[in-house]
Amino acid sequence: MRAPLRLARWLPAALLATAGCTAMPLPEGGNVTNFSPTLNFTVPVTSLIGRRFETVVRQQYDFSCGSAALATLLRFHYDDPQNEQSVFLGMFRDGDQAQIRRLGFSLLDMKRYLAARGIAADGFKVSAAQIARARVPGIALIDFDGYRHFVVVKGIDDQTLLLGDPSLGLRRETIGRFAKQWNGVFFIISGRDAVGQSHFNMPVDLARAPHGRPFLPADPLESAQLALTRPRLGEF
């Protein structure tokens, strides 16, 4: 939201340069601020949405959650710097292309892609309690009101799962709600348990998805939204 013109005239230039209500949004990662020909510096900038995707590969297309989820698992949990495009092209190359064109990617396509790269992977029918005991990250398929979607289970505690969601970013979900959406199949990389366990419940993820929210799937409203939520004169 842009500051009112009369207010902007009185705000110092430095405040306008770093405020969130400037006319142009600051780019993710940083913005060069120039105060004079000899004085300038870079201001680190990360939006709330950008922060959610710092440890999650964001899907670029409606049908690419599978490739983004596998890229997330490899990049952030197994030190294999893949991206959505490299995994997408690899799965399409090594998979049943006619089936992929008709139905999209499956866990079998992920398994074939990984096998072609010399990486063993398997799917297991397990419970959330078994995931908590194994402490290994993996991919799950959930069904949310008829919409089937791949997510990465990045961590778990006694009440919630820490999910890497290619469409929503890093988020928490209650175990009960997750169990209602999940088909019970958990897809993991085999033979690298030590690496996976060292990247489960990672501090960097825990810091970005803290506890204490009574409405776990939602984010707090911004101040501007709260300011608009008020009764009109004479209503209260």
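Higher on the page you've got the structure.
Bear in mind the structure is a predicted one, so any value in this text is a computation, not a measurement.

### Notes on the packing of aromatic side chains
Tallying each qualifying case throughout the model produces 2 aromatic pairs. Ring centres of Phe88 and Phe105 lie 5.1 Å apart, and the angle between their planes is 90 degrees; on these two criteria the pair is classed as edge-to-face. Placement of the pair is Phe88 in helix H5 (residues 84–94) and Phe105 in the loop between helix H6 (97–103) and helix H7 (107–116), with a sequence separation of 17 residues.

### Examining the nonpolar core
Membership of the largest hydrophobic core comes to 40 residues, with the highest contact counts inside it found for Leu70, Met110, Leu114, Ile139, Phe150, Val153 and Phe178. Going through the elements one at a time, helix H4 (65–77), H5, H7, helix H8 (128–134), strand S4 (138–144), strand S5 (147–156), strand S6 (160–165) and strand S8 (182–189) are the ones with two or more residues in this core. In terms of residue count, the dominant contributor to this core is H4 (7 residues). Beyond its immediate stretch of four places on either side in the chain, Phe178 contacts Ala140, Ile142, Val151, Val153, Leu161, Leu163 and Glu173.

### Description of the pairing of strand S7 (residues 169–174)
The two faces of the sheet receive side chains in turn, since in a regular strand these alternate between them. Burial analysis of S7 places 5 of its 6 residues in the buried class, which makes it a mostly covered element. In this sheet, S7 lies alongside S6 in antiparallel orientation, the contact comprising 6 bridges. If you follow Leu161 over to S7, its bridge partner there is Glu173. Hairpin connection from S6 to S7: 3 residues lie between these consecutive antiparallel strands.

### Considering the sheet that holds S4
With antiparallel pairing, 6 strands are arranged side by side in an open sheet as S3-S8-S4-S5-S6-S7. Of all strands in the sheet, those with a lone pairing partner are strand S3 (121–125) and S7, marking the two edges. The sheet shows a mean angle of 35 degrees between the axes of neighbouring strands, taken without regard to direction. Pairing between S5 and S6: 4 bridges, direction antiparallel. Its bridge partner being in S6, Ile156 is matched across the sheet by Leu161. Along the sheet, H4 makes contact with S4, S5 and S8, crossing S5 at roughly 15 degrees.

### With respect to H5
Along H5, the residues that are buried comprise Glu84, Val87, Gly90 and Met91. Each buried residue of H5 lies within a common arc of 140 degrees when the element is viewed along its axis, so the set occupies one face. For H5, the exposed residues lying more than 90 degrees away from the buried face are Gln85 and Arg93. Against the buried residues of H5 lie H4, H6 and H7.

Conventions and cut-offs
- Residues numbered from 1 in each chain as written.
- Predicted model: local features only at pLDDT ≥ 70, side-chain atom pairs only at ≥ 80, totals over all residues.
- Heavy atoms only, no water.
- Phe/Tyr/Trp six-rings, centres within 6.5 Å; stacked < 30°, edge-to-face > 60°.
- Helix = DSSP H or I, 4+ residues; strand = E, 2+ residues; numbered from the N terminus.
- Core = buried A, V, L, I, M, F, W, Y, C linked by side-chain atoms within 4.5 Å.
- Buried < 20%, exposed > 50% of the residue type's maximum accessible area, 1.4 Å probe, protein only.
- Contact = heavy atoms within 4.5 Å.
- Pairing = 2+ DSSP bridges.
- Axes fitted to C-alpha atoms, helices over the stretch in contact; angles between N-to-C directions.
- Arc of directions from axis to C-beta.

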